[in-house]
Each structure stands twice: as structure tokens, then as C-alpha cells.
Amino acid sequence: MEQFIGFLITWPLLTCLNGWVISVMWRWFIVPFGAPEIGVAWAIGLTAVATMFCDTTTGKDESFIVAIAHDVLKAGLMLLVAYIAHRFMHLPVQPPVTIH
């Protein structure tokens, strides 16, 4: 139970951190090719989409019911993340900070 509570606390924080990192990497590596900049919300949404294509099973022997429950939970969580990110996409992208 303690691990589940820890997951509920850390998951949103790590999701935001990953979104920020991806938005920075996008600016560094994708924008030079002519793509528009994306903000953290867009990055979180893209991560949610990409996660749906990834196999995140741990390799443990799971029963069929547990495997189905895992996939349903993953789909629901990713849809929730994508929905929250989508709600923030109307906000303007902050210009990058330049250090001179």
C-alpha cells in the first residue's frame, strides 16, 4: 500500500519533469529542422501518445486478468495525462532563456 501511495505522489511530478525535459530536447533537436516549438503540455501529450505504443510489461509471469487490467489501467492513465495536457495547450509557449 505504501508503494501505491508513493506512486500517486511521484507520478504527477515525474510526468511534469519528463514533459519539461522533452520540450527542451524538442527545442534543441527538432525546432532547427523547422518544426514549431512545443510547451510542456504538448510534450506530456506526445509522451502519452508514444507510451501507448510501448510495451511496459516487466517480464514477470502475470495472469491473463492481471495483464488485461494493466493494459486497461495504462490506457486510462495515458488518456487522463493526454486530456490534462490538452487542456493546457492553449497557453503560449514561453520563449527560451538565453544566457549571454
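Residue positions are counted from 1 within each chain, in the order its sequence is given. Residues qualify for local features only when their pLDDT is at least 70, as the model is predicted, and side-chain atom pairs are given and counted only at 80 or more; totals for whole chains, interfaces and linings, by contrast, use all residues. Only hydrogens and water are set aside when side-chain values are computed; all heavy atoms of the structure are taken into account.

> Help me out: how do you make sense of the overall build of the chain in this one?
What counts as a helix is a DSSP run of H or I of at least four residues, what counts as a strand is a run of E of at least two, and both are numbered from the N terminus. Along the chain, the regular secondary structure elements total three helices and zero strands. In the chain, the order of α-helices and β-strands from amino to carboxyl end is α-α-α. Across the chain, every contact between residues at least 6 apart in sequence was considered, and the portion connecting residues at least 24 apart equals 58%. The contact definition used throughout considers only heavy atoms, calling two residues in contact when any of these lie within 4.5 Å.

> Where do I start with helix H1 (residues 2–29) in this structure?
A rise of 1.5 Å per residue sets the reference length of H1, with its 28 residues, at 40 Å; its end C-alpha atoms lie 39 Å apart and thus fit the reference within 8%. Note on bend: at a given residue it equals the angle between the axes fitted to the 7 residues ending there and to the 7 starting there. At Thr10, H1 shows its maximal kink, close to 35 degrees; a proline, Pro12, follows between one and four residues later. Only protein chains enter the area calculation, which uses a 1.4 Å probe; residues under 20% of their type maximum are buried, those over 50% are exposed, and those in between are partly exposed. Listed in full, the buried residues belonging to H1 are Thr15, Gly19, Ser23 and Val24. Expected span of a helix: the number of residues minus one, times 1.5 Å.

> Where do I start with helix H2 (residues 40–52) in this structure?
Along an α-helix, a turn takes 3.6 residues, which lines up residues three or four apart on a common side. The end-to-end C-alpha separation of H2 is 19 Å, in line with the 18 Å expected for 13 residues at 1.5 Å each. Listed in full, the buried residues belonging to H2 are Ala41, Ala43, Ile44, Gly45 and Ala48.

> Is there a simple way to think about the side chain of Ser23 in this case?
The topology assignment puts Ser23 in helix H1. For Ser23, the contacting residues outside a window of four places in its chain are Ile38, Gly39, Val40 and Ala43.

> It is not clear to me how the packing of aromatic side chains should be interpreted in this structure. Could you clarify?
To describe a pair of aromatic rings, one takes the distance between the centres and the angle between the planes. For this analysis, a ring pair means two rings from Phe, Tyr or Trp (six-membered ring only for Trp) whose centres lie within 6.5 Å, classed as stacked if their planes differ by under 30 degrees, edge-to-face if by over 60, and tilted for the remaining angles. Counting across every chain of the model gives one aromatic pair. Between Trp28 and Phe29, the ring centres sit 6.1 Å apart and the planes meet at 90 degrees, which makes this aromatic pair edge-to-face.

> Help me understand the pattern of salt bridges, please; the structure alone is not making it clear to me.
Opposite charge on two side chains permits them to pair, given that their charged atoms come into close proximity. The salt bridge criterion pairs a side-chain nitrogen of Lys or Arg with a carboxyl oxygen of Asp or Glu, the two atoms within 4 Å. Taken as a whole and assessed by the stated rule, the structure comprises one salt bridge. Residue Glu37 pairs with Arg27 through a salt bridge whose shortest N-O separation is 3.8 Å. Of this pair, Glu37 sits in the loop between H1 and H2 while Arg27 sits in helix H1, placing them 10 residues apart in sequence. With a relative accessible area of 31%, Glu37 lands in the partly exposed category.

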